[in-house]
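Coordinate analysis (summary)
The primary structure of each chain is shown beneath.
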Amino acid sequence: MDYVVQKYGGSSVATPAKIRGVAERVRRTRSLCDGVVVVVSAMGDTTDELIDLAHQLTQDPPAREMDQLLSTGEVITAPLLAMALCAAGCEAVSLTGPQAGVRASSAHRRARILNIVPERIVAELERGRVVVVAGFQGQTEEFDIATLGRGGSDTTAVALAVTLQADHCEIYTDVRGVFSCDPRLVPEAHPIAEISYEEMLEFAAVGAKVMHPRAVEIGEAYDMPIWVRSSFDEAPGTIITRHPRLEDRQKVRGIAHETDVAKVTLLRVPDRPGIAAGIFGPLADNHINVDVILQNVGHDGTTDLSFTLAETDMRQAEPLVKAIATAVGAGGYEATADIAKVSVVGTGMLNTPGIAATMFRTLADAGINIELISTSEIRITCIIRRADVIAAVQALHRAYQLDEL
């Protein structure tokens, strides 16, 4: 069967008028294929409002109860869109994540999809209905609701597309695809017509909010083409695929930045085997992702070790870091959140001399100090002061001549 999976983000369904617009787009799509599955996010800023509501009651809400609370946002959107579709003459049915067969791990607030049992979805599609699924959520073995973390509706959509063997997955948002950098910071930023999974993964991992990294990982693993488009116009958007069109293209595809960053430095850590495992093991056990890691040159048998993580994880991480510092015999720790990441990304960077030098020279010329550096084959990331991030993005976009494409 020729199925299409579409996902609409919170800005696309923020008001009844926008929901009616989405319904019309879905109705047109349904007329061109055998069936449509639509994954929706919570309306507008609903998720942030629910988080704020919880924190008015307690600064440390239980993760399970937060999942029960936050999952309601998508559960509201799905039936509203189904109603709009029915009103437009397109038969539809809404399903929660568990009703859609999404089975998830029990890591509340950051669960992973373990499996999708799509029988209910397939049965509804065979009845000719559009199936509207509440994204961002699944059911654990204990029959609890678990949410998939920020951007989890992207993951739901791509996983459903793979499970249903859809022709492709369409991610609708409030921007016209993947841009060379954030167009709110650089008006000259341009949409990228095609991008590889590898490049998109790097963009997403270092701050580009258009796609969730786990969604791209699933797309790459199962070779599922992903279109990123605006829900407010008919622009072609960006296709994320394994083999973009061969072209003589810019080596650097774009600039990404992230401000949800904190840095932890463990001081005077004993320089002996097993220390790194003793530090990062407990963080991993508590589902805290660590990004850039730097270990200084040791002196007198000790060394300082720095790493970055999401600022939103600091509340959970800091008690762990304190315990870790004591357990490994460190001389204490320092934590700061006044930092950001800025990155250049592109597969064309591999074996291209001068890419890194241009980045470092550009930041230096702008008077921006680099605190940490992390690299991969297709990415260079610098940790800088948060106050400098806008100037850094603008300067790098000019330096790599991305505004001239």
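The following paragraphs examine the structure supplied in this document. Quick caveat: nothing in here was measured; it's all calculated off a predicted structure.

Here we take up the overall build of the protein chain. Along the protein chain, the regular secondary structure elements total 11 helices and 20 strands. In terms of overall dimensions, the protein chain is globule-like: its C-alpha atoms have a radius of gyration of 22 Å, near the 22 Å expected for 405 residues. Along the first, second and third principal axes, the C-alpha atoms of the protein chain reach 75 × 50 × 35 Å. Burial status across the protein chain gives 53% buried among its 405 residues. Counting only contacts in the protein chain whose residues sit at least 6 apart along the sequence, the fraction spanning at least 24 positions is 75%. Accessible surface, the protein chain: about 18,200 Å² in total, of which carbon and sulfur atoms supply 50%. In the protein chain, which carries 37 positive and 53 negative side-chain charges, the distance between the mean positions of the two groups comes to 2 Å.

A few words now on the pattern of salt bridges. Side chains that differ in charge, positive against negative, can pair when their charged atoms come close. According to the stated counting rule, one finds 21 salt bridges in the structure shown. Two residues, Arg127 and Glu124, come together in a salt bridge whose shortest N-O distance is 3.3 Å. Arg129 serves as the salt-bridge partner of Glu124, at 2.7 Å between the closest nitrogen and oxygen.

One open sheet holds the 8 strands; their spatial order is β3-β6-β2-β1-β9-β11-β12-β10, and the pairing between them is mixed. Two strands in the sheet have a free side with no partner beyond their single neighbour: β3 (92-95) and β10 (194-196). Recorded for the sheet is a direction-independent mean angle of 20° between the axes of neighbouring strands. Strand direction decides the pairing type here: strand β9 (residues 168-173) and strand β11 (residues 226-230), joined by 5 bridges, are parallel.

For the rest of this paragraph, the subject is a nonpolar patch on the surface. Together, Ile76, Leu80 and Met83 make up an exposed nonpolar region whose accessible area comes to about 270 Å². Take Leu80: it is sitting in helix α3 (residues 63-87). Judged by its relative accessible area of 31%, Leu80 is partly exposed.

The 4 strands are arranged β15-β16-β14-β17 in an open sheet whose pairing can be described as antiparallel. Whereas interior strands pair on both sides, the edge strands pair on one side only; in this sheet they are β15 (290-295) and β17 (333-336). Neighbour-to-neighbour, the strand axes of the sheet open up by a mean angle of 15°, direction not taken into account. Where β15 meets strand β16 (residues 302-309), 4 bridges bridge the pair, whose relative direction is antiparallel. What sits directly across from Leu294, in β16, is Ser306. Sheet strands in contact with helix α9 (residues 314-328) are β14 (262-270), β16 and β17, and its direction is about 5° off that of β14.

Moving on, we come to the packing of aromatic side chains. Under the defined criterion, the tally for this structure stands at 2 aromatic pairs. Plain terms: the ring middles of Tyr8 and Tyr172 are 4.8 Å apart, the flat faces sit at 10° to each other, and that makes the pair stacked. With a gap of 164 residues between them, Tyr8 in strand β1 (residues 3-8) and Tyr172 in strand β9 connect regions that are remote in the sequence. What makes Tyr8 buried here is its relative accessible area of 0%. Judged by its relative accessible area of 3%, Tyr172 is buried.

Quick notes on the rules
- Residues numbered from 1 in each chain as written.
- Predicted model: local features only at pLDDT ≥ 70, side-chain atom pairs only at ≥ 80, totals over all residues.
- Heavy atoms only, no water.
- Helix = DSSP H or I, 4+ residues; strand = E, 2+ residues; numbered from the N terminus.
- Rg over C-alpha atoms; globule rule 2.2 N^0.38 Å.
- Buried < 20%, exposed > 50% of the residue type's maximum accessible area, 1.4 Å probe, protein only.
- Contact = heavy atoms within 4.5 Å.
- Areas by Shrake-Rupley, 256 points an atom, 1.4 Å probe, with all protein chains shown as cover.
- Lys, Arg positive; Asp, Glu negative; His and termini not counted.
- Charge placed at Lys NZ, Arg CZ, Asp CG, Glu CD.
- Salt bridge = Lys/Arg side-chain N within 4 Å of Asp/Glu carboxyl O.
- Pairing = 2+ DSSP bridges.
- Axes fitted to C-alpha atoms, helices over the stretch in contact; angles between N-to-C directions.
- Patch = residues over 30% accessible without salt bridge, like charges linked within 9 Å, V, L, I, M, F, W, Y side chains within 5 Å.
- Phe/Tyr/Trp six-rings, centres within 6.5 Å; stacked < 30°, edge-to-face > 60°.

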